[in-house]
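Chain and residue survey
One-letter residues, chain by chain:
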Amino acid sequence: MPSPKYKLVYFNAQGRAETSRLLFAAAGVDFEDVRFSQDEWAKFKPNTPLGQAPVLEVDGKQLCQSLAINRYLANIFGLAGKSDWEKANVDAGCEVISDLHKEIYEMVFGKDDATKAQIKKKIIEETSPKLLGFLEKNAGSQWYIGNSMTVVDLTISGLISNLIKMKILSTVDNYPKLKAIQGRVEADPNISKYLKNRPVTKM
């Protein structure tokens, strides 16, 4: 039986598609990484299920919603957790990170500089400490849960990088377990290769 043909369609940015790209990299599975600019979005938008991106195509069938895409790929690639309990905790961790991402997107796309600054202040002083504190408290000694890498570890690694890049965090020393997870993820040979060749983008 031939392997599925995967196509991931998203802006030329990390954003809501980067965990999916990391999943493909970690699994060593080829996919078509279709990236478009903001100006090109109007051409792609009518061909998406909800007028949103990302969209994953599997042998021509479309799947939307980033968390659903990540969960699907994680299950296919064996990166979703080994037991029902592990899988539930992986999902919970990913949803916590999604809550933080929502505020970050509100900041990035705020209507003016004052609004952006206000949201950023809230993220730095309230949201980030609360949600990163939850992840740090619940993380295991090696990986977030279990004894092998899962999708939540990939998501944590990407989150930490972006928080530092956006100057929401200056250091992750207050979250030693999350810092260690990021290090283990980036040391993975497949991930390391992907990161070295990843297109440089603003977000």
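Definitions and limits used
Residues numbered from 1 in each chain as written. Predicted model: local features only at pLDDT ≥ 70, side-chain atom pairs only at ≥ 80, totals over all residues. Heavy atoms only, no water. Axes fitted to C-alpha atoms, helices over the stretch in contact; angles between N-to-C directions. Helix = DSSP H or I, 4+ residues; strand = E, 2+ residues; numbered from the N terminus. Parallel < 35°, antiparallel > 145°, perpendicular 65-115°, else oblique. Left-handed = near helix turned anticlockwise from the far one by under 90°. Contact = heavy atoms within 4.5 Å. Nonpolar A, V, L, I, M, F, W, Y, C, P; charged D, E, K, R; others polar. Expected span 1.5 Å × (residues − 1). Buried < 20%, exposed > 50% of the residue type's maximum accessible area, 1.4 Å probe, protein only. Salt bridge = Lys/Arg side-chain N within 4 Å of Asp/Glu carboxyl O. Pairing = 2+ DSSP bridges. 1 Å grid on protein atoms, 1.4 Å probe; cavity = no way out; pocket = protein on both sides within 12 Å on 5 of 7 lines; lining within 4 Å. Points joined across faces, edges and corners; volume = space filled by probe spheres on them.

So, on to the packing of helix α3 (residues 66-76) against helix α4 (residues 84-108). Two numbers describe how α3 lies on α4: the axes approach to 12 Å, and their chain directions differ by 150°. It follows from the interaxial angle that α3 and α4 lie roughly antiparallel. The way α3 lies across α4 gives a crossing that is right-handed. On the side of α3, the interface is formed by Leu67, Arg71 and Asn75, while α4 contributes Lys87, Asp91, Cys94, Glu95 and Ser98. Its residues assigned to classes, the contact of α3 with α4 comprises two nonpolar, two polar and four charged.

In this model helix α6 (residues 151-165) runs 21 Å from its N-terminal to its C-terminal C-alpha over 15 residues, within 8% of the 21 Å that 1.5 Å per residue would give. When you tally the buried positions in α6, you get twelve out of 15 residues, the bulk of the element. The complete set of buried residues in α6 reads Val151, Val152, Asp153, Leu154, Thr155, Ile156, Ser157, Gly158, Leu159, Ile160, Asn162 and Leu163. In this fold, the buried residues of α6 make contact with α1 (18-27), α3, α4, α5 (113-138), α7 (176-187) and α8 (189-197). Looking one or two places after α6, you find Lys167, whose phi comes out positive at around 60°.

What follows covers the pattern of salt bridges. Scanning the model with the defined rule gives nine salt bridges in all. Close ionic contact of Arg35 with Asp33 constitutes a salt bridge, the shortest N to O distance being 2.9 Å. Put simply, Glu103 and Lys122 hold a salt bridge, and the shortest N to O gap is 3.0 Å. Of this pair, Glu103 sits in helix α4 while Lys122 sits in helix α5, and the two are 19 residues apart along the sequence. Lys122 sits in the partly exposed class, given a relative accessible area of 37%.

Moving on to the pairing of strand β3 (residues 55-58). Residues Val55 and Glu57 of β3 are buried on one face, and the alternating residues Leu56 and Val58, pointing to the opposite face, are buried as well. In the sheet, strand β1 (residues 6-11) pairs with β3 via four bridges, with the strands oriented antiparallel. When the sheet's bridge partners are listed, Leu8 is paired in β3 with Leu56. What sits between the antiparallel neighbours β3 and strand β4 (residues 61-64) is a turn of two residues, in which Asp59 has the positive phi angle 50°.

Bringing unusual backbone geometry into the picture now. For the peptide bond that leads from Ala53 to Pro54, omega is 15°, which places it in the cis range. Looking at where Pro54 falls in the secondary structure, it is placed in the loop between α2 (41-44) and β3. In the Ramachandran plot, Asp59 falls in the positive-phi region, its phi being about 50° despite a non-glycine side chain. Here Asp59 is to be found in the loop between β3 and β4.

Before going further, it helps to examine the layout of surface pockets. By volume, the largest pocket is sized at about 620 Å³. Along the walls of the largest pocket sit 25 residues, with Tyr10, Phe11, Arg16, Ala53 and Phe109 positioned nearest its centre. Only β1, α3 and α4 provide two or more residues apiece to the lining of the largest pocket. Here the lining of the largest pocket takes three residues from α4, the largest share from any one element. Here the lining of the largest pocket is built from residues that sort into 13 nonpolar, nine polar and three charged. Along the wall of the second largest pocket there are 25 residues; nearest its centre are Gly15, Arg16, His101, Tyr105 and Asn162. Where the lining of the second largest pocket is concerned, the elements lending two or more residues are α1, α3, α4 and α6. With seven residues, the top contributor of residues to the lining of the second largest pocket is α4.

Taken by themselves, the reported measurements are silent on function.
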